[in-house]
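If you want the building blocks of each chain, they are given just below.
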Amino acid sequence: MKRLLLYLFFFCVTASSYGQRIMENLDRGVVAVRHAPDSVFISWRLLGTESENPPFNLYRTTGSGKPVKLNAQPLTGGTNFTDTKADLMQNTAYTVKAIVKGKETAGSKPFVIPAKAPVGQYLSIPLKTPVGYRPHDASAGDLDGDGEYEIILHQVGKGLDNSFNGYTDKPVLQAYKLNGTLLWTIDLGRNIREGEHYTQFIVIDMDGDGKAEVAMKTADGTIDGQGKVIGDSTKDYRSKKPATLGKVLDGPEFFTVFNGQTGAALATTDYIPSRYPTDGWGGPGGNGGNDNSGNRVDRFLACAAYLDGKLPSVVMSRGYYGRTVLAAWDYRNGKLTSSWVFDTKDGKNPFSGQGNHNLTVADVDEDGKDEIVYGAMVVDDNGKGLFSTGFRHGDALHVSDLDLDRPGLEVFGPHEIEDHSKGDSGYVKDAGPGVAVYSARTGEVYFKGSMDTDVAAGVAENIDPDNAGAEMWWSGSDGLHSMKGTKIGPTPSASWLIWWDGDFTRELMGGGKISKYKGSTIFNGNGERGNGRGNPNLTADLFGDWREEFIMSAGPNELRVYTTVIPTNHRLYTLMHDPQYRLSVAWQNVAYNQPPHLSFYLGEDMKKAPKPNVLMPKKAKSSKK
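Treat the numbers as computed from the prediction; the structure is a model and nothing was measured.

### Observations concerning the UniProt feature "domain: Rhamnogalacturonan I lyase beta-sheet" (unreviewed entry) in the protein chain
- Per the UniProt annotation, the sites labelled "domain: Rhamnogalacturonan I lyase beta-sheet" (unreviewed entry) are residues 22–110.
- Secondary structure across residues 22–110 comprises 0% helix and 40% strand; the distance between its end C-alpha atoms is 26 Å.

### Side note on empty space enclosed by the protein
- Counted under the stated rule, the structure contains seven cavities of 30 Å³ or more.
- Counted as a void, the largest cavity has a volume near 90 Å³.
- Surrounding the largest cavity, N191, I192, R193, Y198, T199, K217, V248, E253, R275, D298 and F300 form its lining.

### A word on the sheet that holds strand β27 (residues 377–379)
- Strand order in the open sheet formed by four strands is β25-β26-β27-β28, with antiparallel pairing between adjacent strands. A strand with exactly one partner marks an edge of an open sheet, and here the two such strands are β25 (360–362) and β28 (385–388). Between one strand and the next, the sheet's axes are offset by a mean angle of 20 degrees, whatever the strand orientation.

### Considering the pairing of strand β34 (residues 471–474)
- Alternating residues of β34 divide into E471 and W473 and M472 and W474, and every residue in both groups is buried.
- Across four bridges, strand β33 (residues 458–461) lies against β34 in antiparallel orientation. Residue pairing across strands places G458 opposite W474, the latter belonging to β34.
- Both β34 and strand β35 (residues 480–482) contribute to a ladder of two bridges, which runs antiparallel. Bridging across to β35, E471 finds its partner in S482.
- Turn length for the β34-β35 hairpin, with the two strands adjacent in sequence and antiparallel, is five residues, and the turn residue G476 shows positive phi of about 80 degrees.

### Remarks on the sheet that holds β34
- Taken together, the four strands give an open sheet; going across it, the order is β33-β34-β35-β36, and neighbouring strands pair in antiparallel fashion. Looking at which strands have only one partner, the edges of the open sheet turn out to be β33 and β36 (487–489). Here the strands of the sheet are splayed against their neighbours by 35 degrees on average, with no regard to which way each runs.

Each value, and the rule that gives it
Residues numbered from 1 in each chain as written. Predicted model: local features only at pLDDT ≥ 70, side-chain atom pairs only at ≥ 80, totals over all residues. Heavy atoms only, no water. UniProt positions renumbered as here; feature names shortened; annotations may be inferred. Helix = DSSP H or I, 4+ residues; strand = E, 2+ residues; numbered from the N terminus. 1 Å grid on protein atoms, 1.4 Å probe; cavity = no way out; pocket = protein on both sides within 12 Å on 5 of 7 lines; lining within 4 Å. Points joined across faces, edges and corners; volume = space filled by probe spheres on them. Pairing = 2+ DSSP bridges. Axes fitted to C-alpha atoms, helices over the stretch in contact; angles between N-to-C directions. Buried < 20%, exposed > 50% of the residue type's maximum accessible area, 1.4 Å probe, protein only.

See below:
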């Protein structure tokens, strides 16, 4: 008994010491939008480092006048307010002050609505998009340490999937402040191909100095944000052979960490692993067969993870149909080092061929350090394989506390049964589950469905308030199912997710429209283009209260950051201070995008939300290294 108590004490102390992660030092995040001719909706952040119940006072300043307090009593409910008495013919500024121990703290940075601002519920970011390009996936990070997120945008021209030959345009990344100021442009060059599976970029503060870095694969001819060329700009490794025309199957490959504020390359090293042998990336079952056409070898994923429980590392990967390699990188004190490499090596390894077109990161064993959920397998924080279900690859992945009757986190995802012998029936005997739910900690399988069927897509989240816990649906599911597999309702109308209205049940999103399950449309974005696949360029809790914003492109030269204007009395810490959610935003741009998830269950029937165990970095210096 004494040994058990000692073990439990040691585990709790160890988990607590490792689990206090250094996160972004965000400001109050005040946002105000004129959503009606006579009405302004204002919301602001509750930070993960403060008490969950501080009262707030809200002030309005009109023109050059004195601040006017808008609330008769301190605000103790949701961190939002609707102002119906503003004089919007003049510049109008809103400031929030927390009350701590009966005294007002310093005011937030004011949010200013320009005089005669049009009615709308979005912030417009003007772009300087290269001719012939369009906005694609985006990410967010505090690049300059001012407490406000900047937007990092992947601009795309002509792109091609790995299975197609042909030349593509050069991938371009740009960083913008929310007011439209262009901070930098990075041209990845002709030796990086454009397409969903090639350019995965991660934005995260790797060294804990309060400013995010940007990390990605580079090559000869990449031009950083200061105009400096990486490698040899004269080299052109694009294949001229008809069978592999336009693909890059030779030449050096690099991994570069860029200064998020200036775009300057901070450190560059060889990419791990190399592509060679180019025909050595096959594996077991289905689509696992080898090729030498640049298809399987150039399947890239990436993420950020708190592998040491304190600062995030960037994990770059290659391969998922067969051989799979993950390489973890640390950027500390101006130096880039490799902390570990996970390599399945060949098709006989039980971890081969288990990857998805996406991945996620979560602390599956609750020790304060993150694991990488790589489709049908999990890699531990030390770079060792934790377990594999053997169900092989899929197109979607969802990890959270989905089943309230099970301990810890669950993984839900579809699996493709890609055996060419399946015939017209679409079935392969004993091929495996088309969808599965398993324990993120142990790999124990809780549910298997659509047996021997190729399932393309699926989602799991709490969208139905009448059912405890989350629900799931997938291609061919013929309805919404509980996490036990019981059909409980009709199939939802969309496959993207967002917290938008005033309750804790998540909403459905598709094509810029937001709706309730079995309910009506509650928002219509008028068909903005998004990332070209009907999904937002980014979904994240970028500012304001805990509800999510989404970014949609409105043509090539404008991004619109939409925010909710629906009041709520629910109070919750900013989602970006939940580490799993923040890391989900970091990998959201990777390959086949997935919506972010929390490390805990969010619903009207939830227990009290956990307080984030996070630290803020020291105040960012005025200039980077």
